[in-house]
Amino acid sequence: MATWNHILLIDSNSPLMEQLNFFHDHTLLIITLITILVGYNMLSLLTNSFINRFLLHGQLIEIIWTILPAIILLFIAFPSLRLLYLLDETNKPSLTLKSIGHQWYWSYEYSDFKNIEFDSYMIPSAELNEDDFRLLDVDNRIVLPNHTQIRLIATATDVIHSWTVPSLGVKIDATPGRLNQTNFYMNRSGLFFG
């Protein structure tokens, strides 16, 4: 779980979150290189006084500084599109969990089993134990198996809610009157907040 002094991204618990972390690092490297190059060019323009009489009529340099940013954007767009399709793909889930957002709590149903449904309320601050997390701990936690493809179906009864677990790379909106679907795969067992 992320704490107040956590600088980097949180540890991933799913292959999709690992891919999201890799994409973040890839994009950050490209942005860093662009920032260094532009900063160097601006500093160079401020410090030297050389002029070139052919610079104003150079079509070759205009072609280069038009095509080069387009190529750089392709280096960001292709991994991004690949990742978007990976996040949307559902591979034969072994377990389906239905999550229903209410105003102050969530209802869960294990759709593959009969009559397994429960409500999950946030624990009030006055009733928290010393090792509990305020605004994160609930009275009934979801229990899910690891190394299993899990499908999550989310909906809501009143307003739009957001069901998210950052370490799994899962974030889905629960909209009234609509079923949204996502999937995830957990690499290891543990307690994950969202």
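Residues numbered from 1 in each chain as written. Predicted model: local features only at pLDDT ≥ 70, side-chain atom pairs only at ≥ 80, totals over all residues. Heavy atoms only, no water.

(A) Local environment of the sheet that holds strand β1 (residues 95-101). Read from one edge of the open sheet, five strands run β3-β2-β1-β4-β7, paired in mixed fashion. Strands at the two margins of the open sheet, each flanked by one partner only, are β3 (117-121) and β7 (180-185). Averaged over neighbouring strand pairs, the angle between their axes works out to 25° when direction is ignored. Strand direction decides the pairing type here: β1 and strand β4 (residues 149-156), joined by seven bridges, are parallel. Looking across to β4, one finds that S99 is bridged to A154. (Pairing = 2+ DSSP bridges. Helix = DSSP H or I, 4+ residues; strand = E, 2+ residues; numbered from the N terminus. Axes fitted to C-alpha atoms, helices over the stretch in contact; angles between N-to-C directions.)

(B) Quick look at the UniProt feature "domain: Cytochrome oxidase subunit II copper A binding" (unreviewed entry) in the protein. UniProt's feature table lists "domain: Cytochrome oxidase subunit II copper A binding" (unreviewed entry) at residues 92-194, given in the numbering used throughout. End C-alpha atoms of residues 92-194 are separated by 25 Å, and the span's content is 0% helix alongside 41% strand. (UniProt positions renumbered as here; feature names shortened; annotations may be inferred.)

(C) Structural detail: the environment of Y121. By the secondary structure assignment, Y121 is in strand β3. A C-alpha to C-alpha distance of 7.1 Å links Y121 and N140, two positions 19 residues apart in sequence. Not counting the four nearest positions on each side in its chain, Y121 is found in contact with Y105, D137, V138 and D139. (Contact = heavy atoms within 4.5 Å.)

(D) Quick peek at the side chain of S12. Turning to its location among the elements, S12 is positioned in the segment before α1 (15-47). Classification of S12 as buried rests on a relative accessible area of 14%. For S12, the contacting residues outside a window of four places in its chain are M17, E18, N21, S167 and R188. (Buried < 20%, exposed > 50% of the residue type's maximum accessible area, 1.4 Å probe, protein only.)

(E) Representation of the pairing of strand β6 (residues 170-174) within the structure. Only one face of β6 is covered, namely the one carrying V170, I172 and A174; the face carrying K171 and D173 has none of its residues buried. Bridge analysis of strand β5 (residues 161-165) against β6 gives five bridges, and the strand direction is antiparallel. For T164, the partnering residue across the bridge sits in β6 and is K171. In this structure, the hairpin formed by β5 and β6 is closed by a connection of four residues, where G169 is found at a positive phi of approximately 75°.

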